[in-house]
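Below are the chains, spelled out letter by letter.
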Amino acid sequence: MMTETAERILFIGDVVGRPGRRLLKSALLGLRRELSVTLVVANGENAAGGVGITRKTAEEIFSAGVDVITTGNHVWDKREALEYVRWEPRILRPSNYPPGSPGRGFGVFQTSRGTEVIIANLNGRVFIDTAFDCPFRSLEDVLRAFGRTPSIPLLVDFHAEATSEKIAMGRAFDGRITAVLGTHTHVQTNDARILPGGTAYVTDIGMTGPSEGVLGVHSETVVDRFYTQLPGRFKVASGPTMLNGAVVTLSAGSTEALQIDLVNRSFD
Ligand SMILES: [Fe+2]
Ligand SMILES: [Fe+2]
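Attention here is on the structure that accompanies the text.

All chains considered together, the criterion is met by 10 salt bridges. Among the salt bridges present, the one from R90 reaches E88, with a minimum N-O distance of 3.1 Å. Put simply, E140 and R176 hold a salt bridge, and the shortest N to O gap is 3.0 Å. Residue E140 is located in helix α4 (residues 135-145), and its partner R176 is located in the loop between α5 (163-173) and β8 (179-183); the two are separated by 36 residues in the primary sequence.

Structure below.
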């Protein structure tokens, strides 16, 4: 089915803590080969101890074979990210943070075949604690930077809680960009499809890290929090892990997605 010249872009859902980073180190190179992947994007907002990202944790993710790291509402949880994200162009933060925020919300990257693609990162505003600018207008601004309809593929990590906001984003940009891929809920949804205009869409690609906790966090602490409503320190879960994501396929020279396939692998 795959043509020789296909681009296959793998997005990996929120990498949670050390178990997530270790899993990438042991599994990603093999997966890259097995799935004929030409670019890897991973959401790293939970890379450092479950919340935030640091230089050390980002470098581990890059050295495991990830080309671009996207983030989300937890991007600034570790203070050093304010400096690090400012000068590391391979890390994106949501483009709809207020003007003046450090770092970049989108960038042009090259696949292993030499094709240029735009990766953009946005954060939702529904049921999320931080005040973001409008993600829809923000993506319009990104498109405008590339002449309204980009001539190269544009794939978006839309980091958002509400399914309606994510689906609306897919509909709003269907036919104008290559893919809208949801992150943040840490639960992979079963709605991956190509929308009528040719944009690949999935509400959430899931998470990468411990599979037996609550969204990657140690179960008992989360359950206790629900029972008692007392503050407590969340710690990253241990035990079996999973790697969740999606591969978007497009033929060389095209911006239209041909196919989207979910990835959901379990490890002991
Ligand atoms: Fe997350
Ligand atoms: Fe998040």
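Read on for the rest.
Sheet architecture is open: six strands sit in the order β5-β6-β7-β8-β10-β9, paired in mixed fashion. This sheet does not close on itself; its edge strands, each paired only once, are β5 (106-110) and β9 (193-194). Two strands pair when backbone bridges link them, and β8 and strand β10 (residues 200-202) are joined in this way by three bridges, in the parallel orientation. Residue V180 lies in a different strand from β10, and its bridge partner there is Y201.

The next thing to look at is the coordination of the iron ion (ligand 1). On the protein side, the iron ion (ligand 1) has D14 (OD), E45 (OE), N46 (OD1) and H186 (NE2) as donor atoms, found 2.0 to 2.2 Å from it. Around the iron ion (ligand 1) sit four donor atoms, and with donor-metal-donor angles ranging over 87 to 168° the site reads as irregular. On the primary sequence, the residues serving as donors to the iron ion (ligand 1) are separated as D-x30-E-N-x139-H. Distance-wise, the iron ion (ligand 2) is placed 3.5 Å from the iron ion (ligand 1), both being coordinated by E45. Of the two residues, D14 sits in strand β2 (residues 14-15) while N46 sits in the loop between β3 (39-43) and α2 (55-63), which places them 32 residues apart along the sequence. Summarising the burial analysis for this pair, D14 and N46 share the class buried.

Let's shift gears to the packing of α4 against α5. At a minimum axis separation of 11 Å, α4 and α5 run at an interaxial angle of 30°. α5 is crossed by α4, and the crossing has right-handed handedness. Across the interface between the two elements, P135, F136, L139, E140 and L143 of α4 pack against E165, A168, M169, A172 and F173 of α5. Here the contact of α4 with α5 is built from residues that sort into eight nonpolar, no polar and two charged.

Taken as a whole and assessed by the stated rule, the structure comprises four aromatic pairs. Taking 5.9 Å as the distance between ring centres and 50° as the angle between the ring planes, the aromatic pair formed by W76 and Y97 counts as tilted. Pair noted here: W76 is in the loop between β4 (68-70) and α3 (81-87) and Y97 is in the loop between α3 and β5, with a separation of 21 residues, a long-range link. The pair formed by W76 and Y97 is uniform in burial state, with each residue classed as buried. The interplanar angle of 80° and the centroid separation of 5.3 Å between the aromatic rings of Y84 and W87 together place this pair among those described as edge-to-face. Separated by three residues within a single helix, Y84 and W87 lie in helix α3, roughly one turn from each other. Residue W87 is classed as partly exposed on the basis of its relative accessible area of 44%. One aromatic cluster in this structure is built from W76, Y97 and F132. Seen from the ring of F62, R90 lies directly overhead, with NZ or CZ sitting 3.8 Å from the centre.

Nonpolar side chains tend to gather and get buried jointly when the protein is soluble and globular. Counting residues in each nonpolar core, the largest one holds 32 residues, and the members touching the most others are L10, I12, L24, V66, I69 and I91. Contributions of two or more residues to this core are made by β1 (6-12), α1 (17-34), β3, α2, α3 and β12 (241-251). Tallying contributions element by element places α1 first for this core, with five residues. Ignoring anything within four residues of it in the chain, the contact list for I69 reads A42, G44, I53, A58, I61, F62, R90, I91 and L92. In this structure, V68, F109, L155 and A257 belong to the second largest nonpolar core, which totals 20 residues.

Taken together, E45 (OE), N73 (OD1), H159 (NE2) and H184 (ND1) make up the full set of protein donors to the iron ion (ligand 2), lying 2.1 to 2.2 Å away. Classification of the site at the iron ion (ligand 2) rests on its four donor atoms, whose angles at the metal span 88 to 145°, yielding the label irregular. Counting residues between consecutive donors of the iron ion (ligand 2) along the chain gives the motif E-x27-N-x85-H-x24-H.

Mapped onto the fold, V222 is located in helix α6 (residues 219-228). Along the chain, V222 and W87 lie 135 residues apart, while their C-alpha atoms are 35 Å from each other. If near-sequence neighbours (up to four positions away) are discounted, V222 is found in contact with V214, V217 and F234.

What counts, and at which threshold
Residues numbered from 1 in each chain as written. Chains lettered and ligands numbered in written order. Predicted model: local features only at pLDDT ≥ 70, side-chain atom pairs only at ≥ 80, totals over all residues. Heavy atoms only, no water. Salt bridge = Lys/Arg side-chain N within 4 Å of Asp/Glu carboxyl O. Helix = DSSP H or I, 4+ residues; strand = E, 2+ residues; numbered from the N terminus. Pairing = 2+ DSSP bridges. Donors = N, O, S within 2.8 Å, 3.2 Å for Na, K, Ca; no water. Tetrahedral: all angles 85-135°; square planar, octahedral: opposite > 155°, others 65-115°. Buried < 20%, exposed > 50% of the residue type's maximum accessible area, 1.4 Å probe, protein only. Axes fitted to C-alpha atoms, helices over the stretch in contact; angles between N-to-C directions. Left-handed = near helix turned anticlockwise from the far one by under 90°. Contact = heavy atoms within 4.5 Å. Nonpolar A, V, L, I, M, F, W, Y, C, P; charged D, E, K, R; others polar. Phe/Tyr/Trp six-rings, centres within 6.5 Å; stacked < 30°, edge-to-face > 60°. Lys NZ or Arg CZ within 6 Å of the ring centre and 35° of its normal. Core = buried A, V, L, I, M, F, W, Y, C linked by side-chain atoms within 4.5 Å.

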